[in-house]
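# Structural description and commentary
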Amino acid sequence: MTEAKDERRPAGELEASVMAALWAAAAPQTPGQVQRSLGADLARTTVTTILTRLYDKGVVERHRQGRGYAYLPVQEVQDAHGLTARRMHSELDRDGDRETVLARFVAQLSPRDERILRDLLEPDER
C-alpha cells in the first residue's frame with residue numbers, strides 16, 4: 001500500500017470535520033474559509049467536493065457568493081444530533097418497505113432505548 005493510502009481517514013470523518021467547522025462559524029462559509037478553519041493539509045478542491053456531497057445529501061444549503069458558493073447547515077441539522085437524525089431519515093427513505101425497516105430497527109433496540117422511544121411516542125403515559 002502507498003503511504004498516502006495508509007493516511008486516509010475513516011469514512012465520514014472529513015464530512016464530520018467540515019460540519020463541525022460550519023457549526024462553529026457565525027456565517028455561511030466558502031470552501032476556502034472551511035479549509036482554513038480545519039487547519040489540515042486538505043486541498044480546497046477536496047473541501048469543495050465534501051461540501052457538494054453534503055449539499056446533495058440535503059445536510060447543508062448553499063448561497064451564491066461571487067463565482068462560488070457559501071455553505072451553512074440546514075436548520076434541522078444544527079448539531080451532531082441533528083445530523084444523526086437526518087442520516088436515520090435518509091436511510092429509512094432508501095427502502096420502500098418502511099414498516100419492515102422500522103420493525104427491524106425497533107426489534108434491535110436495547111431495553112433502555114426502547115423505553116426512551118416509548119416515552120417520546122407516548123408522552124401522556126409516563
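Look up: the structure comes first, before these words.
Below: a short report on this structure. (Residues numbered from 1 in each chain as written. Predicted model: local features only at pLDDT ≥ 70, side-chain atom pairs only at ≥ 80, totals over all residues. Heavy atoms only, no water.)

A separate point is the pattern of salt bridges. A full pass over the atoms with the stated rule returns 2 salt bridges. A salt bridge links K57 to E15, with the nearest nitrogen and oxygen atoms 2.8 Å apart. One end of the pair, K57, is in the loop between helix 4 (44-56) and strand 1 (60-65); the other, E15, is in helix 2 (residues 13-24), with 42 residues separating them in the sequence. The partly exposed category is assigned to K57, whose relative accessible area is 46%. The shortest N-O distance in the salt bridge between R118 and E114 comes to 2.9 Å. Within this pair, R118 and its partner E114 are both found in helix 7 (residues 111-121), separated by 4 residues, close to a single helical turn. (Salt bridge = Lys/Arg side-chain N within 4 Å of Asp/Glu carboxyl O. Helix = DSSP H or I, 4+ residues; strand = E, 2+ residues; numbered from the N terminus. Buried < 20%, exposed > 50% of the residue type's maximum accessible area, 1.4 Å probe, protein only.)

A few words now on the packing of aromatic side chains. Here the structure, examined in full by the defined rule, presents 1 aromatic pair. Above the ring of Y55, the side-chain terminus of R62 is found at 3.9 Å from the ring centroid. Geometry around Y69 places R62 over its ring, the cationic atom sitting 4.1 Å from the centre. (Phe/Tyr/Trp six-rings, centres within 6.5 Å; stacked < 30°, edge-to-face > 60°. Lys NZ or Arg CZ within 6 Å of the ring centre and 35° of its normal.)

Across its 13 residues, helix 4 extends 18 Å between first and last C-alpha, which sits within 8% of the 18 Å expected from 1.5 Å per residue. For helix 4, the complete set of buried residues consists of V47, I50, L51 and L54. Projected down its long axis, helix 4 shows its buried positions confined to an angular sector of 95°, all on one face. Set apart from the buried face of helix 4 by more than 90 degrees, the exposed residues are T45, R53 and D56. Looking at the buried side of helix 4, the elements it contacts are helix 2, helix 3 (31-38), strand 1 and strand 2 (68-73). (Expected span 1.5 Å × (residues − 1). Arc of directions from axis to C-beta. Contact = heavy atoms within 4.5 Å.)

Further remarks concern the pairing of strand 2. Pairing analysis gives 6 bridges linking strand 1 to strand 2, with the strands arranged antiparallel. Looking at the pairing, R64 lines up with Y69 of strand 2. Linkage of strand 1 to strand 2, two consecutive antiparallel strands, is achieved through a turn of 2 residues, within which G66 is found at a positive phi near 65°. (Pairing = 2+ DSSP bridges.)

Moving on, we come to the side chain of T30. Along the chain, the position of T30 falls in the loop between helix 2 and helix 3. Judged by relative accessible area, T30 falls into the buried class, the value being 19%. If we skip the residues at most four places from it in the chain, T30 touches Q65, Y69 and A70.

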